[in-house]
Amino acid sequence: VTPQGVVTTLAGDGNKEGDYKDGRGVDAWFQYPARVAVDGDGNFIVSDRDNHCIRKVTPQGVVTTLAGAGGQEGYKDGVGVYALFHNPVGVAVDGDGNV
């Protein structure tokens with residue numbers, strides 16, 4: 001949202017309810033993105049609640065999954081798709097870039 005109130009969609013289109021897909025712009029699908037944080041490189045880190053994962057959106061609108069197996073819920077420490085979440089609603093990035 002610009003200071004003038006202009007809203008621009010960076011990723012997703014709001015019409016893919018129940019789906020999960022990494023991609024660019026409207027080709028990426030989210031299911032209830034709950035919270036957003038911004039890292040030092042200007043990437044948006046999104047808790048994709050109902051897809052049970054943490055996603056990264058670059059300033060160019062490219063969406064990738066950082067952690068969690070999209071659509072698979074659970075509670076498990078791990079790296080990347082081997083980590084499992086159940087409806088993550090919060091996300092933060094520290095000064096070192098850790099999510």
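Here's what I pulled together on the structure shown here. (Residues numbered from 1 in each chain as written. Predicted model: local features only at pLDDT ≥ 70, side-chain atom pairs only at ≥ 80, totals over all residues. Heavy atoms only, no water.)

### Considering the sheet that holds strand S5 (residues 62-67)
Two orientations exist for strands paired in a sheet by backbone hydrogen bonds: parallel and antiparallel.
And step 1. If you trace the five strands from one edge of the open sheet to the other, you get S1-S5-S4-S3-S2, paired in antiparallel fashion. The outermost strands of the open sheet, each flanked by one partner alone, are strand S1 (23-24) and strand S2 (33-38). (Pairing = 2+ DSSP bridges. Helix = DSSP H or I, 4+ residues; strand = E, 2+ residues; numbered from the N terminus.)

### A closer look at the environment of Gly-23
And step 1. As for its position among the elements, Gly-23 is in strand S1.
And step 2. Put simply, Gly-23 and Thr-65 are 42 residues apart on the chain and 9.8 Å apart in space, counted from C-alpha to C-alpha.
And step 3. Non-local contacts of Gly-23, meaning those with residues more than four positions away in its chain, are made with Ala-28, Gly-61, Val-62 and Val-63. (Contact = heavy atoms within 4.5 Å.)

Keep in mind these numbers describe shape, not what the thing actually does.
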